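Here's the letter readout for the chains.
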Amino acid sequence: MKNFSILICIFSACMINAQKKLPVIKANSNRMTILEKDNGLTTDWNADPKIKLDVYTTSKLDTEKKTIKVKTDIDSATFTIKKGQNKDFIVLLKGKDSCMTRITSLPPKNFSKVKPVFHDTIKLSINEQNTMFVKTVLNKTDTLILNFDTGSSDLTLTRENLKNKIKSSLTSGSNVLEIGNRVYQDFRIYPADLAGHGTEGRFGWDLFDGMIVELNYDKGIMAVHSQLPKEVKKDKSYSKLTIKYFNNVFFVEGSIKQGKSTNTDWYLFDTGYQRTIMLDGPMLKEQGFPVHTMKEIRRVVMRGGQGNEVPVITSGLESFTLGKYTLTNIPVQVLSQSRLVSRSRMHILGNEILKRFNVFFDFQNNVVYLKPNKLMDEKYIEHS
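Everything quoted here is computed from the prediction, not taken from an experiment.

To continue, consider the overall build of the protein chain. Of regular secondary structure, the protein chain possesses 5 helices and 30 strands. Its C-alpha atoms give the protein chain principal-axis dimensions of about 85 × 50 × 50 Å. Each of the 384 residues in the protein chain was classed as buried or not, and the buried ones make up 48%. Expressed as a percentage of contacts within the protein chain between residues at least 6 apart in sequence, the contacts between residues at least 24 apart total 65%. Element-wise, carbon and sulfur atoms account for 50% of the exposed surface of the protein chain, whose accessible area totals about 19,900 Å². Between the mean site of the 56 positive side-chain charges and the mean site of the 40 negative ones, the protein chain shows a separation of 5 Å.

Take a look at the structure:
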């Protein structure tokens, strides 16, 4: 009877496994692409049978579910995934090698129910180059001046500082960063050739996922809240913008106007970009926007965060509208060639514009609240 019971258990387990049979996608090449249909993010992926379980993590979901398409050289499959859910499948390579793959959506973070409620206020500084920064401590050892760069994620330090200044032992998973009275962890550290003027690196928005972040240039503070202050929703001078996530950064909608033409699109909200707005010239031309009528002011060569050269034309834009606020006669940067990020083109909204607003980032409900501050009418800085 005992042996019979064991056989019954084995049979039942086999039946359950059969019911949970994983989808199989055929492939002759290990190269494939993963497409997030809601935001157009395309990622190149390699199927590798040597990896026990290869995991692709989606961008943060700003809706209840996301549609993912996996495409190989000869086959494809589409999956719908919800927040905090996993979807497993097998890539059958050349008809013999099974590559176990998982698409995962991280569970949403939300600190609104944390007790006690926290409101942590930090001194916020901004220099003449539009780099805003705060004082931080890494691994309880290294004091660092870092830029809060919403156009990035995790923590990035310059190679020079990593080599000559950092005394603490850096690891892949146990680093901690003190900002004000709070400690942040579970982030990666990346090297870069350059950082914002006067800083030793930058930290991204995702350190505060599930929290509320306030930038108040009138008071010179950055504050991190577990709940959105009630007065923000009551203050009608705040404009409320929806956040759209893409490749672990976020975008808001804005509109540009030149003559009789208006173009509305999503803009990377990038406090780490020191200038006004970077526009993708070829994309705008394809959409019929009269880039050619914008008066050219100058031509320069900029450098990206990794030291790469980016040729840019500065031109005069008639107006830019963000929420219910419109700025006029703006010197914007127009790319003569599209800058591809994960096979996608984009416009970038920089801190020469963003510093003119006091802001609340609601990373619980995926919205931005902003209203003009004392810098609103300042003359635009002419960067060299």
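All chains considered together, the criterion is met by 21 aromatic pairs. Considering the side-chain rings of phenylalanine 111 and phenylalanine 118, the 6.4 Å spacing of their centres and the 70 degrees angle between planes classify their relative orientation as edge-to-face. With 6.1 Å between their ring centres and 70 degrees between their planes, phenylalanine 203 and phenylalanine 208 make a pair best called edge-to-face. Grouping residues by exposure puts phenylalanine 203 and phenylalanine 208 together as buried. Pairwise contacts between aromatic rings join Phe148, Tyr184, Phe203, Trp205, Phe208, Tyr245, Phe250, Phe269, Phe361 and Phe363 into one cluster. In this structure, arginine 182 is placed above the aromatic ring of phenylalanine 118, and the distance from its NZ or CZ to the ring centre is 3.8 Å.

The strand order E3-E2-E5-E6 describes an open sheet built from 4 strands, whose pairing is antiparallel. Both edges of this open sheet fall to strand E3 (41–46) and strand E6 (76–82), since each of them pairs with a single strand only. Between one strand axis and the next, the sheet turns through 25 degrees on average, direction left out of account. Examined bridge by bridge, strand E2 (residues 31–36) and E3 share 6 bridges and lie antiparallel to one another. Counted as the bridge partner of leucine 35 is threonine 42 from E3.

So, on to the nonpolar core. Residues Phe203, Phe208, Met222, Phe320, Phe361 and Val368 are the most contacted members of the largest nonpolar core, which totals 60 residues. For this core, the element with the most residues is strand E27 (residues 325–335), which contributes 5 residues. Setting aside its immediate chain neighbours within four residues, phenylalanine 208 contacts Phe148, Ile179, Tyr184, Phe203, Val213, Met222, Val224 and Phe363. Phe79, Val91, Phe246 and Met278 belong to the second-largest nonpolar core, a separate cluster that totals 29 residues.

By the secondary structure assignment, serine 152 is in the loop between strand E12 (142–148) and strand E13 (155–158). You can call serine 152 buried: its relative accessible area is 11%. The residues contacting serine 152, other than those within four sequence positions of it, are Arg202, Phe203, Gly204, Trp205 and Val249.

With that settled, the discussion passes to the sheet that holds strand E4 (residues 54–57). Spatially, E1-E7-E8-E4 is the arrangement adopted by the 4 strands of the open sheet, whose pairing is mixed. The open sheet has two edge strands with one neighbour each: strand E1 (24–27) and E4. In this sheet, neighbouring strand axes are inclined to one another by 30 degrees on average, regardless of whether the strands run parallel or antiparallel. Here E1 pairs with strand E7 (residues 86–93) via 4 bridges, running parallel. Bridging across to E7, lysine 26 finds its partner in leucine 92.

A word on the pattern of salt bridges. By the definition in use, this model includes 15 salt bridges. Linking glutamate 318 and lysine 257 is a salt bridge whose minimum nitrogen-to-oxygen distance equals 3.2 Å. Here glutamate 318, found in strand E26 (residues 309–322), pairs with lysine 257, found in strand E22 (residues 249–258); they are 61 residues apart in sequence, far enough to count as distant. Among the residues examined, lysine 257 registers a relative accessible area of 32% and is labelled partly exposed. The partner of lysine 355 in a salt bridge is glutamate 378, and the shortest N-O contact between them spans 3.8 Å. One end of the pair, lysine 355, is in the loop between helix H5 (351–354) and strand E29 (357–362); the other, glutamate 378, is in the segment after strand E30 (367–372), with 23 residues separating them in the sequence. The exposure class assigned to lysine 355 is buried, which follows from its relative accessible area of 4%. What emerges from the salt-bridge pattern is a single network uniting Glu352, Lys355, Arg356 and Glu378.

Moving on, we get to the environment of threonine 262. With respect to the element layout, threonine 262 can be found in strand E23 (residues 261–269). Considered as a pair, threonine 262 and serine 319 are 57 residues apart in the sequence and their alpha carbons are 9.4 Å apart. Excluding residues within four positions of it along the chain, threonine 262 makes contact with Ser255, Ile256, Lys257 and Phe289.

A word on unusual backbone geometry. Omega for the bond connecting lysine 115 with proline 116 falls within 30 degrees of zero, at -5 degrees, which places this linkage in the cis form. The residue proline 116 is located in the loop between strand E8 (97–104) and strand E9 (119–123) in this model. If you check the backbone angles, lysine 94 has positive phi at about 55 degrees while not being a glycine. As for its position among the elements, lysine 94 is in the loop between E7 and E8. Its identity as a non-glycine residue notwithstanding, asparagine 139 has a phi of 50 degrees, on the positive side. Positionally, asparagine 139 belongs in the loop between strand E11 (132–138) and E12. A residue is classified by how much of its surface remains accessible, and asparagine 139, at 15% relative accessible area, is buried.

Definitions and limits used
- Residues numbered from 1 in each chain as written.
- Predicted model: local features only at pLDDT ≥ 70, side-chain atom pairs only at ≥ 80, totals over all residues.
- Heavy atoms only, no water.
- Helix = DSSP H or I, 4+ residues; strand = E, 2+ residues; numbered from the N terminus.
- Buried < 20%, exposed > 50% of the residue type's maximum accessible area, 1.4 Å probe, protein only.
- Contact = heavy atoms within 4.5 Å.
- Areas by Shrake-Rupley, 256 points an atom, 1.4 Å probe, with all protein chains shown as cover.
- Lys, Arg positive; Asp, Glu negative; His and termini not counted.
- Charge placed at Lys NZ, Arg CZ, Asp CG, Glu CD.
- Phe/Tyr/Trp six-rings, centres within 6.5 Å; stacked < 30°, edge-to-face > 60°.
- Lys NZ or Arg CZ within 6 Å of the ring centre and 35° of its normal.
- Pairing = 2+ DSSP bridges.
- Axes fitted to C-alpha atoms, helices over the stretch in contact; angles between N-to-C directions.
- Core = buried A, V, L, I, M, F, W, Y, C linked by side-chain atoms within 4.5 Å.
- Salt bridge = Lys/Arg side-chain N within 4 Å of Asp/Glu carboxyl O.

By themselves, these observations are geometric and do not establish any function.
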